[in-house]
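# Structural overview
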Amino acid sequence: MSDLIDAVAEADGDVRGREFVGEDLSGEDLGHVEFEDCTFRGCVLASAQLERPSFERCTFVGCDLANVAGNTGFWRDSRANDCRLVGADLHKSVLVRTRFVGCNLSYVGLAESKLERVSFAGCNLREASLSRLRLRSRLELEDCDLSRAELFQTRLAGVDLTSCNIAGVRVSDTFRELRDAYVGVDQLPDLAGLLGVKLR
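Every value quoted in this text rests on a predicted model; they were computed, and no experiment measured them.

What the 7 strands build is an open sheet, ordered β2-β5-β8-β10-β12-β14-β16; its pairing is parallel. Bordering the open sheet on either side are β2 (19-21) and β16 (140-142), each of which pairs with just one other strand. When strand polarity is set aside, the average angle formed by the axes of neighbouring strands in this sheet is 5 degrees. Pairing geometry for β2 and strand β5 (residues 39-41), over 3 bridges, is parallel. Counterpart to Val-21 in the pairing with β5 is Arg-41.

This part covers helix α1 (residues 3-10). Residues of α1 that are buried include every one of Leu-4, Ala-7 and Val-8, and no others. All buried residues of α1 project into a common sector of 100 degrees when viewed along the axis, lining one side. Set apart from the buried face of α1 by more than 90 degrees, the exposed residues are Ala-9 and Glu-10. Its buried side turned inward, α1 meets β1 (14-16), β2, β3 (29-31), β4 (34-36) and β5. Where α1 starts, the residue carrying a side-chain oxygen 3.1 Å from the main-chain nitrogen of Leu-4 turns out to be Ser-2. Asp-12 sits one or two residues past α1 and shows a positive phi near 55 degrees.

As a further point, take unusual backbone geometry. Of note in the backbone geometry, Asp-37 takes a positive phi value of approximately 55 degrees without being a glycine. For Asp-37, the position within the fold is in the loop between β4 and β5. Backbone geometry places Asp-180, a non-glycine residue, at a positive phi of 70 degrees. Residue Asp-180 is classed as exposed on the basis of its relative accessible area, which comes to 56%.

Criteria and cut-off values
Residue indices begin from 1 for each chain and proceed along its sequence in written order. It should be noted that, the model being predicted, local features are given only for residues of pLDDT at least 70 and side-chain atom pairs only at 80 or more, the latter also being counted only at that level, while totals for whole chains, interfaces and linings use all residues. Note: side-chain values were computed over all heavy atoms of the structure, leaving out hydrogens and water. The pairing criterion for strands is at least two bridges between them, as found by DSSP. Only DSSP runs of H or I reaching four residues or more are called helices, and only runs of E reaching two or more are called strands; each is numbered from the N terminus. Working convention: axes come from line fits to C-alpha atoms, limited for helices to the stretch in contact. Angles between N-to-C directions cover 0 to 180 degrees. Classification of residues uses two cut-offs on accessible area relative to the type maximum, computed with a 1.4 Å probe and protein chains only: under 20% is buried, over 50% is exposed, and between them is partly exposed. Taking the helix axis as origin, the arc is that swept by the directions to the C-beta atoms. Here, two residues are considered to be in contact whenever any of their heavy atoms come within 4.5 Å of each other. Throughout this description, a polar contact denotes any pair of N or O atoms lying within 3.5 Å of each other; where both atoms belong to protein, one of them has to be capable of donating a hydrogen while the other can accept it, and for residues adjacent in sequence the pair is counted only when both atoms sit in side chains.

Dropping the structure here:
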């Protein structure tokens, strides 16, 4: 039996101060779970079903959360390092003081989520759904791949995109999403491509 499943059952979905290593819960339905001060190392939660999950002061290291269903979740003071969240459904979630480092978040669904003091460093966000994000503070993006990411109705004013790949980002016809964002001179061809013009 899984230590994680046992912990969820024993604590009636409210797990605190535990460390889980190498757990494989692929496709499991965990229902509503709340984790506080927990660490997950090398765990596999791919395609797991989580009902309004809560992660407070939690750390994920080298975990696989691909295609996890964890929408309308709550993340606070948490961190994910070198994790795989490809296609994870996290839309309409709330993320506060949360950091993702070296994670693969391609195709992740974060649309309509509320973000406050959230940062992504060295992350793959290719074709991620980042539309209608509500940013309560400046989003930090460092060395991230945002190519073909959906950014409809997400205001990036003040966000530094100079170290990111923004080729083919999807925005509205008015380009309002990128207004007052910081870009580098080397990114002008990408912006020209959005405008449908060619640089010589």
